[in-house]
Amino acid sequence: LLEPRYLHADRGEVVRGEAGIVPLGVARIVRPGARATVVAMGSTVHQATTAAAQAELDVEVVDLQTLVPWDRTTVLDSVRRTGRLVVVEEAPESGGWGSEIVAAVTRELFDELHAAPFRITAPDVPVPYTATLEARYLPRADEIARQLSEYFETDTPPSSWWIREGFLS
């Protein structure tokens, strides 16, 4: 069992019984929008919705909920409506699950995309142990908002924070 340590302090409702069961392969749209589809899962769903709300971005946030299987229909339908795809994931840039989402959407909807899809990820470095460095390592709402805003202005995928700030090249 893997769990994000920083979520231990979060509190919320626990749905019990049948209503609390997450069906395999069924995504949910947690925030409707028209300019881009943002696919997230786990703690990045909260970061993506916070970014969209704070920056007043008209993006549709899709909570994938499960990876195997993942809900291709919901994701593809959303991207068809918005014409753009952004995946937000905690995985490092190399080898994350978002690569499969981008590949599938590009394969199925290439001619319908208004701009190149991209991923907002963690850098290709070992996960830091201290809470301060771990918080910097993972995609945060402010960085997601910055990248989405730049994406809308230029229609090109923006550089990651670690490249833009000169940490890694």
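Whatever comes next refers back to the structure up there.
Residues numbered from 1 in each chain as written. Predicted model: local features only at pLDDT ≥ 70, side-chain atom pairs only at ≥ 80, totals over all residues. Heavy atoms only, no water.

Q: Whenever I open this one, helix 2 (residues 72-82) confuses me. Can you help?
A: In an α-helix, one turn spans 3.6 residues; hence positions three or four apart end up facing the same way. The complete set of buried residues in helix 2 reads Thr 74, Val 75, Leu 76, Ser 78, Val 79 and Thr 82. Of the surrounding secondary structure, the elements contacted by the buried residues of helix 2 are strand 1 (28-31), strand 2 (36-40), strand 3 (59-63), strand 4 (85-92) and helix 3 (98-109). One side-chain oxygen of the residue at the start of helix 2 lies 3.3 Å from the amide nitrogen of Thr 73, identifying that residue as Asp 71. Of the residues trailing helix 2, Gly 83 is marked for its positive phi of about 80 degrees. (Buried < 20%, exposed > 50% of the residue type's maximum accessible area, 1.4 Å probe, protein only. Helix = DSSP H or I, 4+ residues; strand = E, 2+ residues; numbered from the N terminus. Contact = heavy atoms within 4.5 Å. Polar contact = N/O pair within 3.5 Å; in protein donor to acceptor, adjacent residues only side chain to side chain.)

Q: Whenever I open this one, the packing of aromatic side chains confuses me. Can you help?
A: Remark: the centre distance and the inter-plane angle together describe each pair of aromatic rings, the angle taken between the planes. By the definition in use, this model includes three aromatic pairs. Measuring from centroid to centroid gives 4.7 Å for Phe 118 and Tyr 151, while their planes differ by 65 degrees, and the two rings are edge-to-face. Taken together, the residues span a long stretch of sequence, with Phe 118 in strand 5 (residues 118-122) and Tyr 151 in helix 5 (residues 141-154) at a distance of 33 residues. Note on accessibility: Phe 118 and Tyr 151 belong to one class, buried. Where Trp 161 meets Trp 162, the ring centres are 5.8 Å apart and the plane angle is 90 degrees; that geometry is what we call edge-to-face. Neither Trp 161 nor Trp 162 differs from the other in exposure class; each is buried. Grouping aromatic residues by their ring pairs yields a cluster made of Phe 118, Tyr 151 and Phe 152. Residue placement shows Arg 35 over the ring face of Phe 152; its charged tip is 4.0 Å from the ring centre. Between the NZ or CZ atom of Arg 136 and the centre of the ring of Trp 161, over which it lies, the distance is 3.9 Å. (Phe/Tyr/Trp six-rings, centres within 6.5 Å; stacked < 30°, edge-to-face > 60°. Lys NZ or Arg CZ within 6 Å of the ring centre and 35° of its normal.)

Q: How should I be thinking about helix 1 (residues 43-54) in this particular structure?
A: End to end, helix 1 covers 17 Å across 12 residues, agreeing with the expected 16 Å (1.5 Å per residue, within 8%). Burial of helix 1 is extensive: nine of the 12 residues sit out of reach of the surface. On its buried side, helix 1 packs onto strand 1, strand 2, strand 3, strand 4 and helix 5. Two residues or fewer after helix 1 comes Glu 56, characterised by a positive phi angle close to 50 degrees. (Expected span 1.5 Å × (residues − 1).)

Q: Help me understand the pattern of salt bridges, please; the structure alone is not making it clear to me.
A: A side chain of one charge can pair with a side chain of the opposite charge if their charged atoms are brought near each other. Evaluation of the coordinates by the stated rule reveals 12 salt bridges. In this structure, the salt-bridge partner of Glu 89 is Arg 119, at a minimum N-O distance of 2.7 Å. One end of the pair, Glu 89, is in strand 4; the other, Arg 119, is in strand 5, with 30 residues separating them in the sequence. Put simply, Glu 165 and Arg 164 hold a salt bridge, and the shortest N to O gap is 3.5 Å. For Glu 165, a relative accessible area of 37% gives the class partly exposed. A single salt-bridge network, built from bridges that share partners, covers Arg 136, Glu 143, Arg 146, Glu 150, Arg 164 and Glu 165. (Salt bridge = Lys/Arg side-chain N within 4 Å of Asp/Glu carboxyl O.)

Q: Honestly, unusual backbone geometry in this entry has me stumped. Any pointers?
A: Keep in mind that most residues, glycine aside, have a negative phi and that most peptide bonds are trans. A cis geometry characterises the amide bond from Val 68 onward to Pro 69, with omega recorded as 0 degrees. Within the fold, Pro 69 resides in the loop between strand 3 and helix 2. Notably, Glu 56 is not glycine yet its phi reads approximately 50 degrees, a positive angle. Mapped onto the fold, Glu 56 is located in the loop between helix 1 and strand 3.

Q: In this structure, what is going on with the nonpolar core? I would like to understand it.
A: General note: in soluble globular proteins, nonpolar side chains tend to be found buried as a group. One finds Val 38, Val 59, Val 86, Val 88, Leu 148 and Phe 152 to be the most contacted residues of the largest nonpolar core, which totals 21 residues. Elements with a minimum of two residues in this core: strand 2, helix 1, strand 3, strand 4, strand 5 and helix 5. Examining the composition of this core, we find that six residues originate from one element, helix 5, more than from any other. Setting aside residues no more than four positions away along its own chain, Val 88 makes contact with Val 38, Val 39, Ala 40, Met 41, Thr 44, Trp 97, Ile 120, Pro 139 and Ile 144. Val 75, Leu 76, Ala 104 and Val 105 belong to the second largest nonpolar core, which has 17 residues in total. (Core = buried A, V, L, I, M, F, W, Y, C linked by side-chain atoms within 4.5 Å.)

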